[in-house]
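Now for the letters of each chain:
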Amino acid sequence: MRLELRDILIKNIQFGDVSEIKNHTLYVNRQDIESLVMEDEHIKEVLIDIARPGEEVRITPVKDVIEPRVKIDSDTGMFPGVISKVRTVGTGKTNVLKGSAVVTSGRIVGFQEGIIDMTGEGAKYTPFSETNNLVLVCHCHDQIKAQDHEKSVRLAGIKVANFIGELSIGLEPDQVAVYETLPLLQNILKYPDLPKVAYVQMLQSQGLLHDTHVYGVDAKNIIPTILYPTELMDGAIMSGNCVSACDKNTTYHHQNNCVVHDLYKKHGTEINFVGVIITNENVYLADKERSSDWTAKLAEFLGVDGVIISQEGFGNPDTDLIMNCKKIEEKGIDTVIITDEYAGRDGASQPLADADEKANAVVTGGNANELVILKPMKKVMGHMEFIDKIAGGFNGNVAEDGTITIELQAIIGATNEIGFNKLSARDY
Amino acid sequence: MAKFKVVHYINQFYAGIGGEEKADHMPEAIKGAVGPGLAFQAAFGEQAEIVATIVCGDSFYNENMEKARETILGMVKQCSPDLFVAGPAFNAGRYGVACGDIASSVQNSLGVKALSGMYLENPGVDLYKKSIYLIETKNSAVDMRNAIKKMVSLGLKLLKSEEILTPQEEGYLKRGFRKNYFADKRGSHRAIDMLIQKMKKDPFTTEFAMPTFDRVNPNPAIKDMSQTKIAIVTSGGIVPKGNPDHIESSSASKYGKYDISKFRDLTDQDHETAHGGYDPTFANLDSDRVIPVDVLRDMEKEGRIGELFNFFYATTGNGTSVANAKAFAAEIAKDLISNDVQAVILTST
């Protein structure tokens, strides 16, 4: 499977009369966006705004972040099984509006939605302080069920990202990269001397605001399976979750999965990257046993020498992480796990809910309990009234001048567990 | 600039008073630097002055800890120093415990910055590494010069309130704190590099060494439940509606104790969950799903259990540190025992 990613660099977003892309600027007609979002009967109002890097803007509570992309020269589309026909994606050509993102916000559905600050201390911890963001603050009708609320706002973001992506059809890319994975046996024959590596991606599937969708299927209902890495780049996996803001994978993270990209960088020289095994993180023990058995079985079946395992979320999924690690190591396959830590605000507490001596190679995204101080911003897109209630907040955490003291946990992507950031933690 | 004032603590041996036969030497304050203190003074140079040396026998300190501590704290207070240095104790066990205990007491009670130095296997290390900086030394006084150099360097940083770097950079023993920092490469890159090293059987360094878990063995089963007083303790976040104690949705810093004596059944009118780590819909509709008050009331009526304790205890397990959870549990257990509760149903989510 071969995919050409064609980056069109977006350096600014502005409102305009016509939605179009000109000279690296994305112009957005508010009416276009509004009518698209308002198609959903559950949504009664959408406020559309733009947040650029360096601006004194805070977006909260954030639900998802999506990168606008579009498939060209293909009868398949982004987010198959959700807003495009359910066809296998990952081949052909895809335009990427690099430097832009759609951010969904609005009244809170659960406790686990987060903050994006475009400048200041908080901006250091979220990758989305560096993207030009089109922000949709969606308000649903009162009395809406939490499940419908989540779904409506999720689809609004996806639809708008798709609409914007389509504006790039016909444009010449600024840079092009090609990613290719051969069918397994051919791939192994091509690089017989290189160690074979697969990527085991754990998908959050604990329930409302803790869901992920694979080709439109709720990941709770999958058994582990195999994907070509390029499928991820075309929206095969979509976030429906808001597990603590810091360590959930937004849809943007799935589209730009850095484990996949970094494995491709060493593919053919230091390793032979054979594919992606996806698995879930269900709450029932039987599901945990079944899924971890299957990831180990699939890793063995692929005949790999090593795997990278990435987690999503924390606490309960720590058990899935350790089960995956243990069972794959027991097959004689080397593992490295990527996780994050909850070591208490002082960093003195035991950071994981489960552990095993076989997990001897760990990469950490940092201690999510560490406190950060966020100065007031000139403008808030969304609502500040939940800032003491979202995960990572606490009663009385907003000072009189508006300064917020909060755990890193509340910042979108801060301790990401696919290793998106440079943040880590060490012993002192 | 005036020189910083330093008080140095050593044992009877390093003070030249004697060996084991003098280990019961009572605390004594001597003006200026003594024994290894002379080398410390040379290393501090013009920046700091050892104004007094306190000498105490190792046996005396360890066998009369409270008295020794109190006496020495009084002596240190009189000097009002800016820094307190103890040892280094190398691998001398009783000396290490004395150094750690007095240095951490000086820091905690007098607010004076303190440090010591010892060998990794000294029993003082595990007791005091979290409270004070301990420079890592070799296991004998052969390492004195090197130890003093590092202790003085760290001491001066403490005096000037400069940033204390990593254990490797400063030479102190790991204190058991996890602290964030920005690495050179992103996590996925670091993970792949680590995997390549691991597959090649090359040495690699994990970013987090797996802890040893303390597992708790359950007590033997209760034979006669009909005579047993049962309480409910939950990490599922069930609270009276409105969450009166503001228990956090994640990383709880507290737990609540709530009266259920008037309740036969919990409903969405009176209870809800504060927990932010799971779908709260069903717990909010009927909190009995997390803490089964309705069923326990039935069983109470039917005589299958003795009684349900009038209070339940709740916190949110979501992201709550083990240290906090342990502290809550210790308090709750005490309260349960003083209320003659014989069994507890622990529910999690």
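Predicted model only: the values in this text are computed from it and were never measured.

### Overview of the overall build of chain B
Link 1 in the chain: Helix and strand counts for chain B stand at eleven helices and 13 strands.
Link 2 in the chain: Its C-alpha atoms give chain B a radius of gyration of 28 Å, more than 25% over the compact-globule value 20 Å for 349 residues.
Link 3 in the chain: If you line up chain B on its principal axes, its C-alpha atoms span 80 × 55 × 40 Å.
Link 4 in the chain: Counting over 349 residues, chain B shows a buried share of 49%.
Link 5 in the chain: Intrachain contacts of chain B at a sequence separation of at least 6 include 72% that bridge at least 24 residues.
Link 6 in the chain: Total accessible area on chain B is roughly 17,000 Å²; 52% of this is exposed by carbon and sulfur atoms.
Link 7 in the chain: Mean positive and mean negative side-chain charge positions of chain B (41 and 44 charges, respectively) differ by 6 Å.

### Topic: the overall build of chain A
Link 1 in the chain: Scanning chain A from terminus to terminus reveals eight helices and 25 strands.
Link 2 in the chain: A compact globule built from 428 residues should have a C-alpha radius of gyration of about 22 Å, and chain A, at 21 Å, falls within 12% of that.
Link 3 in the chain: Each principal axis of the C-alpha atoms in chain A carries an extent, and together these give about 55 × 55 × 40 Å.
Link 4 in the chain: A total of 428 residues make up chain A; the buried ones form 65% of that total.
Link 5 in the chain: Of the contacts formed within chain A by residues at least 6 apart in sequence, a portion of 81% connects residues at least 24 apart.
Link 6 in the chain: Here chain A displays about 14,600 Å² of accessible surface, and carbon together with sulfur accounts for 49% of that area.
Link 7 in the chain: Considering chain A, the positive charge centre built from 41 side chains and the negative charge centre built from 62 side chains are found 3 Å apart.

### Notes on the interface of chain A and chain B
Link 1 in the chain: The interface of chain A with chain B comprises 78 residues on the first partner and 59 residues on the second.
Link 2 in the chain: Taken together, the two surfaces of chain A and chain B that pack against each other cover about 5,700 Å², and 57% of this comes from carbon and sulfur.
Link 3 in the chain: Connecting chain A to chain B are six salt bridges.
Link 4 in the chain: For the salt bridge of Arg178 of chain B with Glu341 of chain A, the shortest nitrogen-to-oxygen distance reads 2.6 Å.
Link 5 in the chain: Between the two partners, chain A and chain B, sit 32 residue pairs in polar contact (both at pLDDT 80 or more).
Link 6 in the chain: Listing elements by their share of the side of chain A that touches chain B, those giving two or more residues are helix H6 (258-266), strand E19 (306-310), helix H8 (316-330), strand E20 (334-341), strand E21 (362-367) and strand E25 (423-427) of chain A.
Link 7 in the chain: With seven residues, the single largest contributor to the side of chain A that touches chain B is H6 of chain A.

### Comments concerning the side chain of Ser168 of chain A
Residues and elements named next belong to chain A.
Link 1 in the chain: The topology assignment puts Ser168 in the loop between helix H2 (146-166) and strand E12 (175-180).
Link 2 in the chain: Residue Ser168 is classed as buried on the basis of its relative accessible area, which comes to 0%.
Link 3 in the chain: Beyond its immediate stretch of four places on either side in the chain, Ser168 contacts Ile8, Ile21, Val70, Asn95 and Leu97.

### With respect to the pattern of salt bridges
Link 1 in the chain: Evaluation of the coordinates by the stated rule reveals 45 salt bridges over all chains.
Link 2 in the chain: A salt bridge links Asp262 of chain A to Arg186 of chain B; the shortest N-O distance between them is 2.9 Å. Here Asp262 of chain A, found in helix H6, pairs with Arg186 of chain B, found in the loop between strand E7 (178-182) and helix H8 (187-199), and the two come from separate chains.
Link 3 in the chain: Asp262 of chain A gets classed as buried once you look at its relative accessible area, which sits at 4%.
Link 4 in the chain: Several salt bridges converge on common partners, so that one network encompasses Lys266 and Glu270 of chain A together with Lys185 and Asp193 of chain B.

### Description of the environment of Asp286 of chain B
All names here are of chain B.
Link 1 in the chain: Here Asp286 is to be found in the loop between helix H9 (281-285) and helix H10 (293-301).
Link 2 in the chain: For Asp286 and Lys22, which are 264 residues apart along the polypeptide, the C-alpha to C-alpha distance reads 70 Å.
Link 3 in the chain: Excluding its chain neighbours within four sequence positions, the residues that come into contact with Asp286 are Asp265 and Leu266.
Link 4 in the chain: There is a polar contact of 3.0 Å between the side chain of Asp286 and the backbone nitrogen of Asp288.

### So, the environment of Glu180 of chain A
All names here are of chain A.
Link 1 in the chain: For Glu180, the location among the structural elements is in strand E12.
Link 2 in the chain: Separated by 179 residues in the primary sequence, Glu180 and Met1 have C-alpha atoms spaced 5.6 Å apart.
Link 3 in the chain: Apart from the residues within four sequence positions on either side, Glu180 is in contact with Met1, Arg2, Tyr264 and His267.

### Side note on the domain arrangement of chain B
Link 1 in the chain: The domains assigned to chain B are domain 1 (4-170) and domain 2 (225-347).
Link 2 in the chain: With centres defined by C-alpha atoms, the gap from domain 1 of chain B to domain 2 of chain B works out at 48 Å.

### Digging into the sheet that holds strand E13 (residues 196-204) of chain A
Link 1 in the chain: Strand order in this open sheet of six strands is E16-E18-E13-E19-E20-E21 (chain A), and the pairing throughout is mixed. Here the strands that pair on one side only, and so sit at the sheet edges, are strand E16 (225-227) and E21 of chain A. With direction set aside, neighbouring strand axes in the sheet form an average angle of 20°.
Link 2 in the chain: Note that E20 of chain A and E21 of chain A share four bridges and pair parallel. Each residue of the ladder has a partner; that of Glu341 of chain A, found in E21 of chain A, is Asn367 of chain A.
Link 3 in the chain: Running at roughly 170° to E20 of chain A, H8 of chain A makes contact with E13, strand E18 (272-281), E19 and E20 of chain A of the sheet.
Link 4 in the chain: Lying on the sheet, H8 of chain B is in contact with E13, E19, E20 and E21 of chain A; it crosses E20 of chain A at an angle near 150°.

Rules of the game
Residues numbered from 1 in each chain as written. Chains lettered and ligands numbered in written order. Predicted model: local features only at pLDDT ≥ 70, side-chain atom pairs only at ≥ 80, totals over all residues. Heavy atoms only, no water. Helix = DSSP H or I, 4+ residues; strand = E, 2+ residues; numbered from the N terminus. Rg over C-alpha atoms; globule rule 2.2 N^0.38 Å. Buried < 20%, exposed > 50% of the residue type's maximum accessible area, 1.4 Å probe, protein only. Contact = heavy atoms within 4.5 Å. Areas by Shrake-Rupley, 256 points an atom, 1.4 Å probe, with all protein chains shown as cover. Lys, Arg positive; Asp, Glu negative; His and termini not counted. Charge placed at Lys NZ, Arg CZ, Asp CG, Glu CD. Buried area = accessible area lost by both parts, 1.4 Å probe. Salt bridge = Lys/Arg side-chain N within 4 Å of Asp/Glu carboxyl O. Polar contact = N/O pair within 3.5 Å; in protein donor to acceptor, adjacent residues only side chain to side chain. Domains from an automatic or database assignment. Pairing = 2+ DSSP bridges. Axes fitted to C-alpha atoms, helices over the stretch in contact; angles between N-to-C directions.

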